[in-house]
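Now for the letters of each chain:
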Amino acid sequence: MTTFEDLGLTMSLLSAISDLGFESPSEVQEKAIPILLGEETDLVALAQTGTGKTAAFGFPLLQKIDIESRTTQGLILSPTRELCLQITSEMQLYSKYEKGVNTVAIYGGASITEQAKQIKKGAQLIVATPGRMKDMIRRGIVDISKIEYCVLDEADEMLNMGFYEDIKDILSNTPKDKSTWLFSATMPKEVAQIAKKFMHHPKEITVGAKNAGAVTVQHEYYIVGGRDRYAALKRLADANPGIFSVVFCRTKRDTQRIAEKLIEDGYNAGALHGDLSQNQRDLAMNAFRKKQIQLLVATDVAARGIDVDDITHVINYQLPDEIETYTHRSGRTGRAGKSGISMVIVTRSELRKIRAIEKKIQQKFLEKKIPTGIEICEIQLYHLASKIRDTEVNSKIDDYLPAIYDVLEGLDRDALIKKMVSVEFTRFYNYYSTSRDLGTEITTSGDSGSSGNVSEGSVRYFINIGERDGYDWMSLKDFLRDTLGLEKEDIFRVDTKDSFSFFNTDANFTPLVLETFNDFKVDGRFVNVEISKKPERSGKGRRREKKKGRRREGNTNYSKTDSGSRKRKKRRNPGFF
Ligand code: AMP
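None of the values given here were measured: they were computed from a predicted structure. (Residues numbered from 1 in each chain as written. Predicted model: local features only at pLDDT ≥ 70, side-chain atom pairs only at ≥ 80, totals over all residues. Heavy atoms only, no water.)

Student: Can you lay out the sheet that holds strand S5 (residues 149-152) for me, pointing to particular residues and giving the numbers?
Tutor: Sheets are built from strands paired through backbone hydrogen bonds, the pairs being either parallel or antiparallel. The parallel open sheet is built from seven strands, whose spatial order is S3-S4-S2-S5-S6-S1-S7. In this open sheet, the two edge strands, each paired with only one partner strand, are strand S3 (103-106) and strand S7 (203-206). Neighbour-to-neighbour, the strand axes of this sheet turn through a mean angle of 15°, independent of strand direction. Strand direction decides the pairing type here: strand S2 (residues 74-77) and S5, joined by four bridges, are parallel. Residue pairing in the sheet places Ile76 in a bridge with Val151 of S5. (Pairing = 2+ DSSP bridges. Helix = DSSP H or I, 4+ residues; strand = E, 2+ residues; numbered from the N terminus. Axes fitted to C-alpha atoms, helices over the stretch in contact; angles between N-to-C directions.)

Written as structure tokens, this is what we have:
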């Protein structure tokens, strides 16, 4: 087995490595370090985050720069502030026995004056985000005209985030004969173009297969109906009691909404997205690092800098649009040699995306079923029993024992155990014993009024606009979505009739729906919504109803009085429609 000594690193670096507890080089280190130490060359390294790539370029950089000189010799560009800070602190740890190395972080959202002061002291190495770097070059605060090494870290992410022009500008301020080392998890054509344009005959190394996700990650998908996503998320969390996870959503709004719902439902959850202030994001990240937050719900952009090693699961609440993004998401787990699981909650119509990802990452997904309520209760029960077994007894308890014995007097061992585990177990049991299993039926997103069971907890509404008002189910759904500020999948089973329609939402949206349509007018006309009184028909019955097209589900209708106020009118003849 190759050792760090074999790679030709200096004693001071080896001492720092030993302090860090790294036992042997990771694959990317084993491949990159000898090349970078051995010659002045450009390098393209395909490596995921979590593979040890920071040290793969960090060790050679530290070994090659001239510590006696205060000139800036190396520039590391990284996509986010978090990553920038993470690289800087890693570099500082690596150089702890090399007195005189100054690595400075330059990133947006912090005082430029303070950063300029740090640079003035003489920084041999600068770690920067492209935007702030460009700004500081423009203001003449940094001089990178003599750098010998430039590292483009997470190049694919930087391009994803639209930094191409900034990178181009920054590189035009650097010497032509420098060495450029590009690290990227994936190799989309944009990154290949950068390599072609700015690098000279780069050596290429690949860790694992090209464009592959980290091999320590198991990929799983769970098929659910569109509106069962949230319930599925909760089950996945409940079925993994020790979970420490990033839950990815596509939009900032969904991220906030899901985090809030989880908190409301008693989970240790938090949100991380771009609408939060830097301070709020720092708080969320710190709480996550300290494991005060178990489920961090995040957007892709906000999660880019997450540098936490022991994430057990990545949950894709929704799949991303880009396959590359999936690779980044799943790379948040399975870091530093640990294994991890990337779970995807999908609807049947999204299955082709899973196949496309499999092709790209060259790994198969496992199709799994959302655990049933009983399975979850069992898991929780055994987890609780092991937790009790493994709990260290607090010696302070001794003082209280006599009183506790008094309280528990008369209970034998059996009864005591049963009662003890019931304290927690009953909470799960009560919740799950009455809930429907997910993913066992094919629940459609139900837009066109197709048949299927109504989801438990969903509410059907009557609305007094229909085809006569120019709506079909799609445009009515759009109207409801915009008016209520909900997502597409939150409104389902939209059924338009001639002069009225029906739709469903989850029960928790009912107050919002009723409140929004209280005194609501479109073009001077009151649009009224009420909870449908009749149970929804299903299957054939519904189709028959459609054919006839004459029966309505509720038995009241609203009409306007001349003065514009509404009055309730009993409809005696459903056939009227
Ligand atoms: P990176 O890919 O640079 O983000 O590194 C991921 C994590 O792995 C960091 O926390 C590093 O400190 C750690 N790490 C890097 N190299 C090694 C190694 N050879 N052995 C164990 N851990 C490492």
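Student: Any details on the pairing of S2? Residues and values, ideally.
Tutor: When a strand is regular, its side chains alternate between the sheet's two faces. Alternating positions in S2 separate into two faces, Gly74 and Ile76 on one and Leu75 and Leu77 on the other, with burial throughout. Note that S2 and strand S4 (residues 125-128) share four bridges and pair parallel. Across the sheet, residue Leu77 finds its bridge partner in S4, namely Ala128. (Buried < 20%, exposed > 50% of the residue type's maximum accessible area, 1.4 Å probe, protein only.)

Student: Quick one: what's the story with the site of the ligand, residue by residue and with numbers?
Tutor: For the ligand, the set of nearby residues contains 17 residues, the closest of which are Ser24, Gln29, Gly50, Gly52 and Thr54. The separation between an oxygen atom of the ligand and a polar main-chain atom of Gly52 is 2.8 Å. Side-chain polar atom of Glu90 to an oxygen atom of the ligand: 3.3 Å apart, as the coordinates give it. In isolation the ligand exposes 490 Å². Once the protein is present, 85% of that is buried. Broken down by secondary-structure element, the contributors of at least two residues to the shell around the ligand are helix H3 (53-64) and helix H4 (81-94). (Near = heavy atom within 4 Å. Polar contact = N/O pair within 3.5 Å; in protein donor to acceptor, adjacent residues only side chain to side chain. Areas by Shrake-Rupley, 256 points an atom, 1.4 Å probe, with all protein chains shown as cover.)

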